[in-house]
Structures are given as structure tokens and as C-alpha cells.
Amino acid sequence: MNRKFEKISILNPMSISDKLIENLREYSAQPITAFITEAENDDEVIRRIGDSDCVLVSWNGKLNGMVLKKCSALRYVGLCSTLFTGESSNIDLDDAEDLGIEVRGISDYGDTGTVEFVISEIIAVFKGSNGFSRNGINCELGKSSVGIFGMGSLGKKIAKALLFFGAEVFYHSRSRKPDIERLGVEYLDKRKFLKTVDLISFNLPRNTEVMDEVDFDIFGNGKVLINTSLGCPFNINGFSKWISSDANYAIFDADGLSPYKEMFINHRNVRTVDFYSGYTIQAMERQVEKTVENIKNFLSV
């Protein structure tokens, strides 16, 4: 049984590359190749992969069907971030499956940092310590109405943290989550959800849009939103009109406004930070551990 890949390549720059190489040397017959710039086009991606049978990519690494078909030696793609669905992935999962290429992602490595960011920003809003106060200076979270869009693993952790502070927590998601409802988090249809909550935390996969212009009208003024999803999960025109009211406030981590960050970076009612909320030192360690564990499990079959 082959316990090694012939050649492992790291396709695009990652802050964990050196640590990843150190942990993966024993699983690659040839030295590991790591690229420190983004590929300019698909031809460059194909050249980088070459005869590698294992390729690792970051959350923004792109592998379409044409690339996968051209790389005949490839049998494993390791996504060093969360893998949700084909619609939210930059990897063509259908073609990968047809070609017999295994694609594995990791999960839950950055949740703790994101929960801390969301809760700290909500507290800052209610205390008025970030220059904006929804309801007067130094309010408590207790009895406030907080909504969560997307009740996956991260959404559940944020909900539990909010419950600890006594907030009334509501959610809207593609599917009901009985386990979190048993804790007192209430599911609402979208219209009622938007009308009920004072603040929304978006925790959604990439390429997801859950609010259009009409939804922002329903959401109304005197409200706050926090987005830590990859990219904007809402209609940008609707957001532009909504945030023009001084009664509204929005908070984003490094990618939460992509690709519209420059439009709002100096807006008086928009707070942006230049870091990914979940990408802490501890998250990087978990990222390496989980990526390596996936490879070990794949090679052991």
C-alpha cells in the first residue's frame, strides 16, 4: 500500500506554508513545492500542478474542470479551509468526482476567533465604545433581539454565546436546527426574522445572497449588521441605501465586504478591520493539524 504521494504541491500562498511543509515531508516522495504568489491564469495553475498527484490550496485557490482534466496525475486536492458545497467552492467538485480526484476540506478551525470577534463587536455597539450606540450608552445585551443568518457550526456557537448574555436569539436558515431550538433559539421565516431582530450576524458560505433591496426595507432603520462571511451575502445596492441612514451601522472583517470594500471603507457608519476574524494563531495551528490529518486518513485507506 502506498503511504506517500509522489509529489505534493502547495498551489498558492498561505501563511502556514512553512509549518505545513514541515508536517507533510514524510508524505511526499519528492520535495514539496510551495508557490508564494497567486497564479495569473489557468495555464499557470496547470504548469504549477504539473505531475503532482496531491495539491493543496487555500480558500481562494481556484481549480476548474478544465484544469483538473489537464492534470492527469492529480488524485487528491486538499482545501486548507472549509468545504461547504459546490456552489460556494472555487473547486469544480463534480468534475473532480468524475475524474476520481478526492477533494477534502477542513472545518471548525477558525470558529473560536470569529465568535470572539462577533461578541466583542456586539458588546461594543451596546456599550457605545466604538463610536456608535444603537440604544444609548452602556446598554446590556439582555433582552436584545439578535438574529443569526446561517445556523451551521459557527452560527450555533455564536447563538450559545449570545444566550449566555441573556439576549433573545432568533435565526433563519435553509433548514431547521432542532438542537439549537431546544436551547431557546427561535426559528423565524425571513420576513418575520428581519422585522423582529435589532442586529444580524451573517455566518454563511461564499457565493450566498440572502438579502435583496426589499429585504433591507423590511429590516428597517435603527439596526446593525455584522458580516464575517467570505464576501457579501446581500445585495450591494440595497445595502448602500440602508447604510445611508445614520441610524444604521455595519461591521465587517477583512473579507466581509469583498469586492466592495473600497466603496465603504471611509463610510461613517461602516466599521471594517484588516484581519480575518477567525484566523488566529491557534486557528493556524488547527488548520495545519486538520489538513495533515486529512492526508494521513486518505493515504491509510
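Residues numbered from 1 in each chain as written. Predicted model: local features only at pLDDT ≥ 70, side-chain atom pairs only at ≥ 80, totals over all residues. Heavy atoms only, no water.

Participant: Pulling in residues and values, what's your account of the sheet that holds strand β8 (residues 186-187)?
Facilitator: Ordered by their spatial adjacency, seven strands build an open sheet running β8-β7-β6-β9-β10-β11-β12, and the pairing between neighbours is parallel. Here the strands that pair on one side only, and so sit at the sheet edges, are β8 and β12 (270-272). Lying over the sheet, helix α10 (residues 236-243) contacts β10 (224-227), β11 (249-252) and β12, oriented at roughly 130 degrees with respect to β11. (Pairing = 2+ DSSP bridges. Helix = DSSP H or I, 4+ residues; strand = E, 2+ residues; numbered from the N terminus. Contact = heavy atoms within 4.5 Å. Axes fitted to C-alpha atoms, helices over the stretch in contact; angles between N-to-C directions.)

Participant: Break down the nonpolar core for me, citing the residues and quoting the values.
Facilitator: Membership of the largest hydrophobic core comes to 29 residues, with the highest contact counts inside it found for Ile-122, Ile-148 and Leu-162. If you list the elements that add at least two residues to this core, you get α5 (111-127), β6 (145-149), α6 (153-164), β7 (168-172), β10 and β11. Beyond its immediate chain neighbours, meaning those up to four positions away, Leu-162 contacts Ile-119, Ile-122, Leu-141, Val-146, Ile-148, Ala-167 and Val-169. One finds Phe-170, Val-197, Leu-225 and Ala-250 within the second-largest nonpolar core, a separate group that totals 26 residues. (Core = buried A, V, L, I, M, F, W, Y, C linked by side-chain atoms within 4.5 Å. Buried < 20%, exposed > 50% of the residue type's maximum accessible area, 1.4 Å probe, protein only.)

Participant: For helix α1 (residues 17-24), give the residues involved together with the corresponding values.
Facilitator: If you check which residues of α1 are buried, you get Ser-17, Leu-20, Ile-21 and Leu-24. The buried residues of α1 occupy one face: seen down the axis, they fall within an arc of 100 degrees. Facing away from the buried side of α1 by more than 90 degrees, the exposed set consists of Asp-18 and Glu-22. Where α1 is buried, its residues meet β1 (8-10), β2 (33-34), β3 (54-57) and α12 (281-300). (Arc of directions from axis to C-beta.)

Participant: Outline the packing of aromatic side chains, supporting the account with residue identities and numerical values.
Facilitator: Counted by the stated rule, this structure contains 19 aromatic pairs. Between Phe-234 and Phe-252 the ring centres are 6.3 Å apart and the planes differ by 55 degrees, which places this aromatic pair in the tilted class. Placement of the pair is Phe-234 in the loop between β10 and α10 and Phe-252 in strand β11, with a sequence separation of 18 residues. Each member of the pair Phe-234 and Phe-252 is classed as buried. By the ring-pair criterion, three or more aromatic residues cluster together here, those being Phe-149, Phe-193, Phe-202, Phe-216, Phe-219, Phe-234, Phe-239, Trp-242, Phe-252 and Phe-264. (Phe/Tyr/Trp six-rings, centres within 6.5 Å; stacked < 30°, edge-to-face > 60°.)

Participant: Tell me about the environment of Ser-72, and please be specific about residues and values.
Facilitator: Residue position: Ser-72 is located in the loop between α3 (65-70) and β4 (76-79). Separated by 19 residues in sequence, Ser-72 and Asp-53 place their C-alpha atoms 8.4 Å apart.

Participant: Please set out α5 residue by residue, giving values where relevant.
Facilitator: Here α5 is 17 residues long and its end C-alpha atoms lie 24 Å apart, about the 24 Å a rise of 1.5 Å per residue gives. Where burial is concerned, most of α5 is hidden: 12 out of the 17 residues are buried. Considered for burial, the residues of α5 that qualify are Asp-111, Gly-113, Thr-114, Val-115, Phe-117, Val-118, Ile-119, Glu-121, Ile-122, Ala-124, Val-125 and Phe-126. The first or second residue beyond α5 is Gly-128, which carries a positive phi of 75 degrees. (Expected span 1.5 Å × (residues − 1).)

Participant: Any details on the side chain of Arg-48? Residues and values, ideally.
Facilitator: Here Arg-48 lies in helix α2 (residues 42-49). Taking the relative accessible area as the measure of exposure, Arg-48 reaches 7% and is therefore buried. At 3.1 Å, the side chain of Arg-48 and the backbone oxygen of Leu-11 are in polar contact. Setting aside chain neighbours within four positions, we find Arg-48 in contact with Ser-9, Leu-11, Phe-35, Thr-37, Glu-38 and Ala-39. (Polar contact = N/O pair within 3.5 Å; in protein donor to acceptor, adjacent residues only side chain to side chain.)

Participant: Would you mind going over the sheet that holds β4 in detail, with residue names and values included?
Facilitator: With parallel pairing, the five strands of this open sheet are ordered in space as β2-β1-β3-β4-β5. The open sheet is flanked by β2 and β5 (102-104), the only strands paired with a single partner. Two strands pair when backbone bridges link them, and β1 and β3 are joined in this way by three bridges, in the parallel orientation. Along β3, the bridge assignment pairs Ile-8 with Cys-54. Helix-sheet contacts for α1 involve β1, β2 and β3, and the interaxial angle to β1 is about 170 degrees.

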